[in-house]
Amino acid sequence: QQTKTMSVRATRALSTGAHGAMKKMNLFTALNDGMRTAMKHDPSAVIFGEDVAFGGVFRCTMGLREEFGNDRVFNTPLCEQGIAGFAIGYASTGKTAIAEIQFADYIYPAFDQIVNEAAKFRYRSGGEYDLGGLVFRTPCGAVGHGGHYHSQSPEAYFAHTPGVKVVTPRSPYEAKGLLLASIRDPNPVIFLEPKALYRTSVEEVPEGDYMLPLEQADVMRTGTDVTVVGWGAQLKVLEKACDKAEAMGVSCELIDLRTIYPWDKETIEKSVRKTGRLVVSHEAPKTSGFGAEIAAT
Amino acid sequence: STLEAPIVFFCRNNGYAISTPAHEQFRGNGIASRAIGYDMPAIRVDGNDIAAVSIAMSKAKEIASKQSRPVLVEAMTYRVGHHSTSDDSTRYRSVEEINQAKESCPIQRTKNFLIKNEWWDEESDVKLRETERRSVLKAIEVAERRNHPSPVTDLFSDVYDKLPKHLEEQQHEFIQHLEKYPDHGSAH
């Protein structure tokens with residue numbers, strides 16, 4: 001099983017045009033590397049947010065200030081509304097803004113900026129202006145000791161907001177590729193990073209520049225009896241669940257949605273037509289969670 | 001302030017937020033007094049005096065660019081009209097209050113100032129008003145003759161750079177719906 005996964009990785013890395021060299025990275029290192037790549041190739045790119053200058057509370061921005069300077073990597077005041085507003089203003093000039101919201105649980109003061117300003121910028125200007133270079137990066141998800149305000153998964157709120165995209169990686173290889181794709185996508189993207197995986201998820205990641213496609217789900221394993229859909233950290237749980245099911249003779253097709261909104265309905269539909277059964281599992285509350293949208297479709 | 005950005009923040013204080021007067025919005029010395037908390041200099045100016053506002057803005061710009069810091073300008077005025085066409089402001093303020101404010105009308109004061117300096121006269125004023133009035137009415141006429149936006153395209157375009165699959169599907173469903181019920185709207 002592991003060998004199969006590794007060779008699939010290598011094949012994919014080559015097929016996306018990644019340069020040969022690979023390196024073992026955890027999630028925060030892969031994200032760090034992705035940001036470094038983006039900053040190198042795009043002189044307009046800046047990174048800002050609370051505590052990003054010294055490296056960030058999860059070390060995602062380690063070394064970036066030293067490499068790119070104070071003008072491109074800097075702290076903001078403790079004000080998510082301001083971080084978002086500033087990011088929107090910066091991106092509106094055609095530049096790349098990589099804005100960090102320290103915990104997804106704190107994104108709500110920025111909600112008005114994201115929903116009423118960022119998401120509608122292109123539409124309300126009739127396409128004359130856009131926020132192509134805008135990405136909000138934020139750690140999300142349960143970590144065991146997070147409590148009310150360091151554990152949330154707010155993807156469903158943003159999946160209800162046309163004009164933005166919502167993306168979440170399950171592992172380091174996925175993270176670097178999806179982050180680079182998100183930064184370069186010509187629409188504002190909310191990039192949710194499962195904090196439980198920052199240290200614990202480790203794999204070989206291409207050292208070069210590569211991207212993974214947005215709005216495209218990834219079939220992690222094929223099966224015939226049931227389609228299992230998830231995203232982010234939950235896939236670790238689902239992998240174990242599928243292993244248990246397989247030991248009981250149930251063949252599972254496991255799919256990582258990757259982009260939650262707009263989601264890859266085609267891949268899920270194709271799978272469910274084959275298996276006839278669908279299970280969606282996510283950390284966020286069940287009612288009106290994104291699983292509800294998938295189930296209803 | 002923290003980024004030492006040269007910005008002029010212009011705040012027009014017209015005394016009301018729909019029906020809620022400033023006294024019910026905040027206490028303290030207007031908006032200008034808030035600036036000090038952010039280490040910003042503030043200038044309060046008679047917002048109905050065109051020359052005063054021009055001078056205040058020049059000064060604000062000079063401070064902002066020379067000292068590389070944000071500056072706040074609070075222009076004092078009064079909302080003579082209703083908040084919107086759905087509002088009847090006599091329901092929450094007196095007609096006397098409105099009429100008194102009209103005496104400070106910035107357009108009238110500018111006119112008086114120009115005439116006093118002999119840069120303008122009453123006859124030219126009447127002529128200009130008539131020309132502008134006709135021009136605005138004509139523009140309204142032209143605008144009203146324009147085609148309404150097409151919901152079939154304009155509800156879906158420019159939400160993203162490219163129409164994503166799910167919006168394309170929704171657009172298709174919408175067109176089918178309109179074709180099924182042509183009396184309720186056209187797909188074209």
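Note: the structure precedes this text.
Residues numbered from 1 in each chain as written. Chains lettered and ligands numbered in written order. Predicted model: local features only at pLDDT ≥ 70, side-chain atom pairs only at ≥ 80, totals over all residues. Heavy atoms only, no water.

Peer 1: Now, about the overall build of chain A: what can you tell me, with residues and values included?
Peer 2: Along chain A, the regular secondary structure elements total twelve helices and 13 strands. Along the first, second and third principal axes, the C-alpha atoms of chain A reach 55 × 40 × 40 Å. Taking the contacts inside chain A whose residues are at least 6 apart along the sequence as the reference set, 82% of them involve residues at least 24 apart. Element-wise, carbon and sulfur atoms account for 54% of the exposed surface of chain A, whose accessible area totals about 12,800 Å². In chain A, which carries 32 positive and 35 negative side-chain charges, the distance between the mean positions of the two groups comes to 4 Å. (Helix = DSSP H or I, 4+ residues; strand = E, 2+ residues; numbered from the N terminus. Contact = heavy atoms within 4.5 Å. Areas by Shrake-Rupley, 256 points an atom, 1.4 Å probe, with all protein chains shown as cover. Lys, Arg positive; Asp, Glu negative; His and termini not counted. Charge placed at Lys NZ, Arg CZ, Asp CG, Glu CD.)

Peer 1: Mind laying out the interface of chain A and chain B, listing which residues take part and the relevant values?
Peer 2: When the parts come together, some accessible area is lost, and that loss is often what is quoted as the size of the interface. With 20 residues of chain A at the interface, the matching set in chain B holds 13 residues. Counting the contacts that link chain A with chain B gives two salt bridges. With a closest N to O distance of 3.7 Å, Lys165 of chain B and Glu266 of chain A form a salt bridge. Where chain A packs against chain B, one counts seven residue pairs in polar contact (both at pLDDT 80 or more). Secondary structure elements with two or more residues in the side of chain A that touches chain B: helix H6 (121-124) and helix H11 (265-275) of chain A. (Salt bridge = Lys/Arg side-chain N within 4 Å of Asp/Glu carboxyl O. Polar contact = N/O pair within 3.5 Å; in protein donor to acceptor, adjacent residues only side chain to side chain.)

Peer 1: So, helix H10 (residues 234-247) of chain A: which residues are in play, and what are the values?
Peer 2: Residue and element names in this part refer to chain A. Its 14 residues give H10 an end-to-end C-alpha distance of 20 Å, which sits within 8% of 20 Å, the value for a rise of 1.5 Å per residue. All of the buried residues along H10 are Gln234, Leu235, Leu238, Cys242 and Ala245. Down the axis of H10, the smallest arc covering the buried residues is 85°, so these residues share one side. Opposite the buried face of H10, by more than 90 degrees, sit the exposed residues Lys240, Lys244 and Ala247. For H10, the elements touching its buried residues are strand S9 (218-221), strand S10 (226-230) and strand S11 (252-256). Positive backbone phi, at 90°, marks Gly249, one or two positions downstream of H10. (Expected span 1.5 Å × (residues − 1). Buried < 20%, exposed > 50% of the residue type's maximum accessible area, 1.4 Å probe, protein only. Arc of directions from axis to C-beta.)

Peer 1: Give me the pattern of salt bridges: which residues, what numbers.
Peer 2: All names here are of chain A. One pass over the structure, following the stated rule, counts 31 salt bridges over all chains. A salt bridge links Glu117 to Arg124, with the nearest nitrogen and oxygen atoms 3.3 Å apart. Overall, the relative accessible area of 26% leaves Glu117 in the partly exposed class.

Peer 1: Hey, could you go over the packing of helix H4 (residues 80-91) of chain A against helix H5 (residues 111-118) of chain A for me, with residue numbers and the actual values?
Peer 2: All names here are of chain A. It is the contact of H4 with H5, at a shortest axis distance of 8 Å, that shows an interaxial angle of 25°. By the criterion of interaxial angle, the relationship of H4 to H5 is roughly parallel. Of H5, the residues touching H4 (which contributes Gln81, Ala84, Gly85 and Ile88) are Gln113, Glu117 and Ala118. Residue classes in the contact of H4 with H5 are distributed as three nonpolar, three polar and one charged. (Axes fitted to C-alpha atoms, helices over the stretch in contact; angles between N-to-C directions. Parallel < 35°, antiparallel > 145°, perpendicular 65-115°, else oblique. Nonpolar A, V, L, I, M, F, W, Y, C, P; charged D, E, K, R; others polar.)

Peer 1: Lay out helix H2 (residues 50-67) of chain B with the relevant residues and their values.
Peer 2: All names here are of chain B. For H2, built from 18 residues, the straight-helix expectation of 26 Å at 1.5 Å per residue is met to within 8% by its first-to-last C-alpha distance of 26 Å. Along H2, the positions that sit buried rather than exposed are Val53, Ala56, Ala60, Ile63 and Ala64. Buried residues of H2, seen end-on, are gathered within an arc of 95° and therefore sit on one face of the element. Facing away from the buried side of H2 by more than 90 degrees, the exposed set consists of Ile50, Ile55, Lys61 and Lys66.

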